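Chain by chain, the residues run as shown.
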Amino acid sequence: MRKTLLQLAGLLYLTSLFATSPEINYRIVPLPNEINLLNGKAFQLDGSVKIVYPAGNKKMQKNAAFLAQYMKDITGIKFKTTTKSNKRSIILNLELKNGNPEAYRIDVNSKQIVISGSTENGVFYGIQTLRKSIPVVKAAKVELPAAVINDAPRFVYRGMHLDVSRHFFTVDEVKTYIDILALHNINNFHWHLSDDQGWRIEIKKYPLLTEVGSKRPETVIGKNTGKYDGIPYGGFYTQEQIKDVIAYAKDRYINIVPEIDMPGHMLGALSAYPELGCTGGPYAIWRQWGVSEDVLCAGNDKTLTFIKDVLTELTEIFPSKYIHIGGDECPKTSWQKCPKCQQRIKDLGLVADAKHTAEERLQSYVISYAEKVLNEKGRRMIGWDEILEGGIAPNATIMSWRGMGGGIEAAKQKHDVIMTPNSYVYFDHYQTNDTESEPLAIGGYSTVKTVYSWDPQPASLSDDEKKYIIGAQANLWTEYIPTFKHAEYMVLPRMAALCEVQWTKAEQKNYADFLIRVPKIIDLYKLYQYNYAKHLYDISADFTSNPTDGTLDVSLSTMDSAPIYYTLDGTTPSEKSPVYSGTLKIKENAKLQAIIFRGSESSRLLSQDISFNKASLKPITALQPVNKSYEFKGINTLVDGLRGNNNYKAGSWIAFYGNDLEVVIDLQKVTDVQSAEINTFVSQGDWLFNARSFAVEASNDGVNFTRVASEDYPAMKQQDPNGIFTHKLNFNAVHTRYVKVIVTSEKLIPDWHVGKGKPGYLFVDEIALN
């Protein structure tokens, strides 16, 4: 019943959306903790209303100005701000008694709206709630129902990240990004300012960092193709520009956490000051993506001086109590060969053990040194979860990106943790499995629903340990994001899901309800001309192999229960096409196409080829386990009639790691088979390697099998292409009921690869028997 009511409410809301109804709704994104609608008369919001703030409080004066501008943007009504109360006013005050500095209360009656906070921060978030409650409609007046709203955030740290090293964004674009963060109640902006592809902040003691380190001669085309665009690329922020952005963010109650990544990701610095590296150079800014093995020399005293000087200038520029020093993805190859680094290891008495190498302990020494510098300046250090390697710095805050494991470990050690796992909140990942219709992305797959489903406080932690999870953050790495409009597209509306994870109590989250509320914030995206992704309005499709019925069961759904028109013959559906009314049970080859029409707007066309063979929809048994991280719908994925697409993380591929694909397919009757085919997905940079062998065996009792065909494949070479590869075996026809398919994986990655000696992933899809 609840689901039906939510769907009905969503349909009614979207109907009102397209009719531009001025109805007020306090159920916004993020959802406030408590909303009580009262029986009193509504407040009439019109041009006679004044916004009142306490005299002598400049922050509250700015808050009042923000509210006046927001309301003008939304309604077209001009509002005056004043320190004197009016007959009908919106009153901003600091009279709320609440220990949470970001808490607020909104009281609405016929005479006034009062937004109270214990601090100016809280009042600002109350203003955000009020602005998001009012529909984007130009009107002479708006009625706000009588109500009381009490609210406070779940997490004290609510972050959003932006990488400006791989691609640079102007001061005005960064300010727009900050405006977007403010709209979503985010209070920390993580600014990634240096990397192998460019140094982006002026450091006065080291002028070559920007004179040399901010410029790369050209940029790789696509995914490290070896081809380059030949166009010089660069950019950096002066300290005055940085201070201007800091002030802009501060007015919106957003703290800026600067990051200078060390001791790896440092070609921006090494190209300018080669003496800081293990070899002395020469070094060059990287033109491609990935991680360079050239890092700061941990055995060089000049490196320690450099770290101290840079961090000192950062603390003079940024008022943030947190400074991020990176600490991630630091290859130890140079240190293993470097006499200075090895001497430092000896001098410090660093010894390898079962958990850590001596070089990992050397990294911990560098990180601890950086933390000491920051602590002496009254600041706290944040680092990526790799700083756990070699022993954690004593007072560090961990930012856990490689899943949740690092954060869980740090919380158990009583360290503060900010969760930002790449499996949920890396916004550079694809947000749909229809990757061919999307701009190029690094890979991955993280939908709005995926983001919303995330809980930053894992159930494996005790209540006491959960207290160390102080916040949550999403990251936007920009290797494949060259423009700011593209950046907006990647973060919106996923940021709407993120902010509800960060702000709203876990027990109040409900994805179906979120879908009803999210169009209101999307209206604001439209108002401010933010370039948001529209996948939420598209059709969601679920394909399930049903061996019992011998069908592929297809379920279609939308966020608002709008009619779905579909065809199965490949023709484009129209409003005269069949309307989806329940699960489609498909037994024959088809091309499913489906679409939604909402007035003059339509969803993107859903299109899926369905192609069956003798193995399709038959019972299949795995003799070796599928890798849990990439199991998705399990072994039936191999016989569902759907070919894997260009995104291996979207669920149409399954993986094996350290073992092989070995399955038995029951054809359910003796059948002639004379060929077998399987696809593999190769992405060397992600450790996805091609098959090493392919074999087919036949049996009529399911126990005794005879090999009918096999083929071995060589280890991959560095120059071998990535992509989807088809492996096919042809053989004399066999009359068989059971077919065993064996595809072996790469057990030892070749020496040319960074993962040398370790297993590679084998990603496979769709076994075809004919």
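Keep in mind that this is a model prediction, so the values were computed, not measured.

**Q** In this structure, what is going on with the environment of Asp 107? I would like to understand it.
**A** By the element assignment, Asp 107 lies in strand E6 (residues 104–108). Along the primary structure Asp 107 and Ala 695 are separated by 588 residues, whereas in three dimensions their C-alpha atoms are 71 Å apart. Every residue in contact with Asp 107, bar those within four places of it in the chain, is listed here: Gln 112, Ile 113, Val 114, Ala 147 and Val 148. Reaching out from Asp 107, the side chain makes a polar contact with the side chain of Arg 105 at a distance of 2.8 Å.

**Q** Honestly, the packing of helix H17 (residues 494–503) against helix H18 (residues 511–527) in this entry has me stumped. Any pointers?
**A** In a pair of packed helices, the angle between the axes and the distance between the axes together describe the arrangement. It is at 10 Å that the axes of H17 and H18 come closest, and there the two elements cross at 120°. Viewed along their axes, H17 and H18 adopt a mutual orientation that is oblique. Judged by the twist between their axes, the crossing of H17 over H18 is right-handed. Across the interface between the two elements, Ala 496, Ala 497 and Glu 500 of H17 pack against Phe 514, Arg 517, Val 518, Ile 521 and Tyr 525 of H18.

**Q** Could you clarify how one ought to interpret the side chain of Ser 603 in this entry?
**A** Structurally, Ser 603 is set in the loop between strand E28 (601–602) and strand E29 (606–610). Those residues in contact with Ser 603 that lie beyond four places of it in its chain are Tyr 537, Asp 538, Ile 539, Ile 595 and Ile 596.

**Q** Would you mind going over the nonpolar core with me for this structure?
**A** Nonpolar side chains in soluble globular proteins tend to end up buried together. Formed by 157 residues in total, the largest nonpolar core has its most connected members in Ile 90, Met 160 and Trp 191. Counting residues in hydrophobic clusters, the runner-up holds 31 residues, among them Ala 615, Val 626, Ile 654 and Leu 729.

**Q** Explain the packing of aromatic side chains to me, please; I cannot follow it from the model alone.
**A** Here the distance between the centres and the angle between the planes together describe a pair of aromatic rings. Summed over the entire model, instances satisfying the criterion amount to 37 aromatic pairs. Centre to centre, the rings of Tyr 157 and Tyr 322 are 6.3 Å apart; their planes meet at 80°, and the pair counts as edge-to-face. One end of the pair, Tyr 157, is in strand E10 (residues 157–163); the other, Tyr 322, is in strand E17 (residues 322–326), and 165 residues separate them in sequence. Each member of the pair Tyr 157 and Tyr 322 is classed as buried. A cation over a ring is seen here: Arg 88 above Phe 43, with NZ or CZ 5.7 Å from the ring centre. Stacked on the ring of Tyr 480, the Lys or Arg Lys 223 has its end atom at 5.8 Å from the ring centre.

Definitions and cut-offs
Residues numbered from 1 in each chain as written. Predicted model: local features only at pLDDT ≥ 70, side-chain atom pairs only at ≥ 80, totals over all residues. Heavy atoms only, no water. Helix = DSSP H or I, 4+ residues; strand = E, 2+ residues; numbered from the N terminus. Contact = heavy atoms within 4.5 Å. Polar contact = N/O pair within 3.5 Å; in protein donor to acceptor, adjacent residues only side chain to side chain. Axes fitted to C-alpha atoms, helices over the stretch in contact; angles between N-to-C directions. Parallel < 35°, antiparallel > 145°, perpendicular 65-115°, else oblique. Left-handed = near helix turned anticlockwise from the far one by under 90°. Core = buried A, V, L, I, M, F, W, Y, C linked by side-chain atoms within 4.5 Å. Buried < 20%, exposed > 50% of the residue type's maximum accessible area, 1.4 Å probe, protein only. Phe/Tyr/Trp six-rings, centres within 6.5 Å; stacked < 30°, edge-to-face > 60°. Lys NZ or Arg CZ within 6 Å of the ring centre and 35° of its normal.

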